[in-house]
Amino acid sequence: MMSQGRGIIWEGSGRQMHLFILAYLLLLALPCMGFLPNFWSRVLTLSWDSYTHQYITEQAVLNVTLETLKGSRKHQGNHAEEHTRLGRGFWRAVGEVVKSNAAMDFWSHTRSDPVYHFDSERVDSSMGMLRQFWTQTLLSVRAKEYQSARQSLGQLFHSLQDFYSHSNWVEMGQRAIYLHLLQPEEPAIPVAQGDTPTCMECFSTTCRDNLLPRMKNTQQDTQLLTTGYFSTFPPKPHGKCSHGGIMDSSRYMGAKGGINKDSTSPLFSPHHYLHVEAANLATEATLSVLRDLRDTVGHKIFLKLFSVKQVPALVFVMDTTGSMFEEITAARYRAHAIIQSRASRPAYHGTFVLVPFHDPKVGPVYETDDPNQFMQHMEDLFALGGGDEPEMCLSAIQLALTHSPPLSEIFVFTDASPKDAHLFDAVKALALEKQSKVTFLLTEDPKYTSKGRERRRRRRNKEPLSPDRFSLYSSLSSLSGGLTIFTTNSDIHRVSTIVEDYTTADKVTLLHVESDQELMSSHSFRVDSSVKNVTLHVTGILTECILTSPSDQSQSLLSEDGSLASFDRFEGLYRISLLFPIQPGQWKLQAKSNGHLTFNVIGDSSVDFLYYFATVTNETHPGLARVEGSPVAGVPAFLVLAVTGLASDETASFSHVTLLAADGESLQQVKLNSSSSSFSSSSSYSVEELVGQVDSVPRIPFCVRLTGRDSRGNKLERVSTEMVQPTHVQIQVLTVPRLVPGHSTMVDFDILNHGPAQLFNLTADDDCGYLHKRGPHRFHVAEQGSFRGQVDLHTPATAQAGATVTLTLTVRALNSLNLNYAVAYLTVIPPDPDTSPPSCSAARVQSNCSSICNESTWGVSLVVSDRGRSGLAALQLQKGEGILTLFNSLPPTEPSLEKEQLGPEQQQAHRDKMTSGGHHHKARLEKGDPPFNVSEWVVGSSQPLWVRYTSSCCSAQAELLVWDTAGNMKRCRLLSGQQRQLKNWSTETNEAGQTALTGNFFLFLGLLWSSLL
């Protein structure tokens, strides 16, 4: 997921891993195309210094994020310490983009399709697909569907990066990115015809000068593009270039050899000597897309897209039936306290989600970033109605999971069991996929079977209540890492302090175990030098509890006050806070109870980790493919971890992870190796990626504990609280199609049975009700066999563009506990979206610049219009120290503009406006002003605007951003009249010292236009 970092050293055992790698290399027998997917590909191809899709993507996102933070007003000043903490949520978001990028090499429907990889001269189709990904990303961001946006952005990056590795762009001497790929209005280079030879024979692993001379021509008017053919589909015409490398079967067909620049290994890449040049261009193209995206959606939304410095979302699922007055009041109080604590740091307000429910109504969902609006929604809640004991609680939790970001803390307030138990598997899948914790605050004693509830509700159903009616809640909290607390109305105000404990920033888990022992149980946790404010939560009923410090000092918590910890006892919950100064080292907690106990220890620290399971794949690209859903029990797998939150001056070492059962028993220890290569990031914000081989995935649920040492030599431990559910069945979504309003869409999936032959049930669910049939669908799968199926969704004609449909597929064996899940995010795309950006047309330049720049000025006049059908939306002066003046009708001093720059229809529209009494309204913009909303300023934003820019000659450049209402952006660059010449403008320098192509343009009367979507 993550790559290069700082401060981590190797402590794992390497020999077994190296032997495994060498053995596996002997088995590789299929092709590799595109930049290598991830860090493990370098190992498998023995090209340690190759740039991978993962590295290029991570570094580009990181650099543009830091640029954005640096340029943001509220982050200016001496906040270096804040900048070293991008947050665990940021790295998870980056990991989603990287995962989607790498998946293009692993998904069955994309890995061999030349359109997704710019192969086989399918350049026009690949460009069309790139532009679809861009449109989909913009629509998703504008709809605040950030997970969907990250998915399509990763897909866009993969294909964009492949262009520079698979084409002859570098060989033509190009040292700048190809703007036409994403901007159809920019100059295009034709693609070689199908009968045009492009390569000569090459009989060695390194192919120098195997492109025909015309394919390396540096003269633009005679250049031709080509890309290598891969494998056997589509068939390679004689004389065409191959992708090449020892695993491409087409390399034997004339012309032999290949042109790919995927790696530095001549065995895999015939043009390996140009790998660095191709990777640099791929990086610049990725940076360009990210900067355009940031400037299109705005800095604030861009940072939110990548969850920069994200605090946990505050998510309440509230039962609003008549007995819930005290619970609603307690939730309001906690929400207000949390909002007040975040008030001093407005950028850290986070996301707020509220989902009310009762029977039969669920929702609506209130989702906002505005704390005042959230509190108003909370104030509007009333405890009314109700009667039947079960309620639609799981439906409400499903909505909360769908609408909240990953890594959320979800708190459910209710006193009723679930009426919608059939949704449990879907809710479980969403909780695990998003790594969100679900905690239940239940104001009902589960031992009550009738009378207790009758005191609180008028029940129409007089049948006795099951003592196990809350078991699904307990299961969901246990597997997600949350808690289930049985309390009372009188204690709910105090018990709800747990909401504040869990929703502050930088919370890490040091211990999470469950115990059913009647005898004294003993559990230990470690505090390192980075941990502050340690709090223990215990649910259940304690009869004895002893806390022991690293210096062997003890305190009996139930019977005495002491110097180690403060102790609060509520109904159903014990809250223990370690007192300052907190001793680093191993702490021990001994406890005794007559029933079930859950122990959870949290602290404040930025050092945490993310992880996933992976398997080695050699389908078309050697690398580690992420395991979707739960891993297969009893077989080997790789465990990949990313350690987050280490500052540049912090050092730590990580030796192993331990797979722990729910009761804390150690099931397996996995040695770790660093995945870092010769590339070391110059940034102090990166993370360290570690990898270990799990010899055999345990057959029972487990969680992951990371172990290492901090800079002072103290043992460091972190626990990921969600419970991994090993299984013998897998489900894989084969296609993630776009949804078109008014049309039906099929989603293909495979069921893989790793156990004996048996019957399975498949259940499909979506959050929008688009599924034609939810199931369950029953089918038989043979031993070690598979089953391919489809689900059908119908998108209504009224569906909103950019909306995301969350599709959850769960498969469960009928005669065993084996089950698994897959979650897919499907985006609604209009059938014919407007993808044409606005245009800028230069008309007049005035300049009297002299050697004394502050005594002279220059200016330009231009016409801004929308070439599509959406109409202008906004303008912003991005760069330049001058003044931009906007006119909604032709200024009297510019009569030639109409004739020279407007088309016949625009000229007539202007004359009609003037005939009907139009006036010369104007507005002024300066650098730093927010985007100017054109639609609020002038009626009929489909009409052109007249713009005049004036500046001191000391500031010789400016940049204007123009958006249409569809979200398309035009980047217009202005240069002073001193630079009137025909010029090949190839690079510009950005804030971080990077360079980005703007292309070949004609400078007309001192105005240079470079458009980037």
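Residues numbered from 1 in each chain as written. Predicted model: local features only at pLDDT ≥ 70, side-chain atom pairs only at ≥ 80, totals over all residues. Heavy atoms only, no water.

### With respect to the packing of aromatic side chains
- Per the counting criterion, the structure on display carries 23 aromatic pairs.
- Look at Phe609 and Tyr611: their rings are 6.2 Å apart centre to centre, the planes differ by 35 degrees, and that puts the pair in the tilted class. Across the pair, Tyr611 and Phe609 agree in class, each one buried.
- Following the ring pairs from residue to residue traces out a cluster consisting of Phe118, Phe163, Tyr164, Trp169 and Tyr178. (Phe/Tyr/Trp six-rings, centres within 6.5 Å; stacked < 30°, edge-to-face > 60°. Buried < 20%, exposed > 50% of the residue type's maximum accessible area, 1.4 Å probe, protein only.)

### Let's talk about unusual backbone geometry
- Following Gly363, the chain continues to Pro364 via a peptide bond in cis, the omega torsion being 5 degrees.
- Structurally, Pro364 can be placed in the loop between strand 2 (352–357) and strand 3 (366–368).
- Cis peptide bonds are those with omega within 30 degrees of zero, and the linkage from Phe580 to Pro581 qualifies with -5 degrees.
- Relative to the helices and strands, Pro581 resides in the loop between strand 13 (573–578) and strand 14 (585–593).
- Backbone geometry at Asp552 places phi at a positive 70 degrees, although glycine is not the residue there.
- Considering the arrangement of structural elements, one finds Asp552 in the loop between strand 10 (542–548) and strand 11 (554–556). (Helix = DSSP H or I, 4+ residues; strand = E, 2+ residues; numbered from the N terminus.)

### Looking at the state of the cysteines
- Throughout the structure, instances matching the rule amount to 5 disulfides.
- The disulfide partner of Cys849 is Cys953, and the gap between their sulfur atoms is 1.8 Å. Its S-S torsion of about -85 degrees marks the bond between Cys849 and Cys953 as left-handed, since a negative value means left-handed. Of this pair, Cys849 sits in the loop between strand 32 (838–847) and strand 33 (857–866) while Cys953 sits in the loop between strand 38 (945–952) and strand 39 (957–964), placing them 104 residues apart in sequence. (Disulfide = S-S within 2.5 Å.)

### Describing the sheet that holds strand 12 (residues 565–570)
- The sheet built from 5 strands is open, its strands ordered 7-15-9-13-12 with antiparallel pairing. What marks the edges here is a single partner per strand, and that holds for strand 7 (507–515) and strand 12. Here the average twist between neighbouring strands, direction ignored, is 15 degrees.
- Sheet analysis places strand 12 next to strand 13, joined by 6 bridges and oriented antiparallel. Its bridge partner being in strand 13, Asp568 is matched across the sheet by Arg575. (Pairing = 2+ DSSP bridges. Axes fitted to C-alpha atoms, helices over the stretch in contact; angles between N-to-C directions.)

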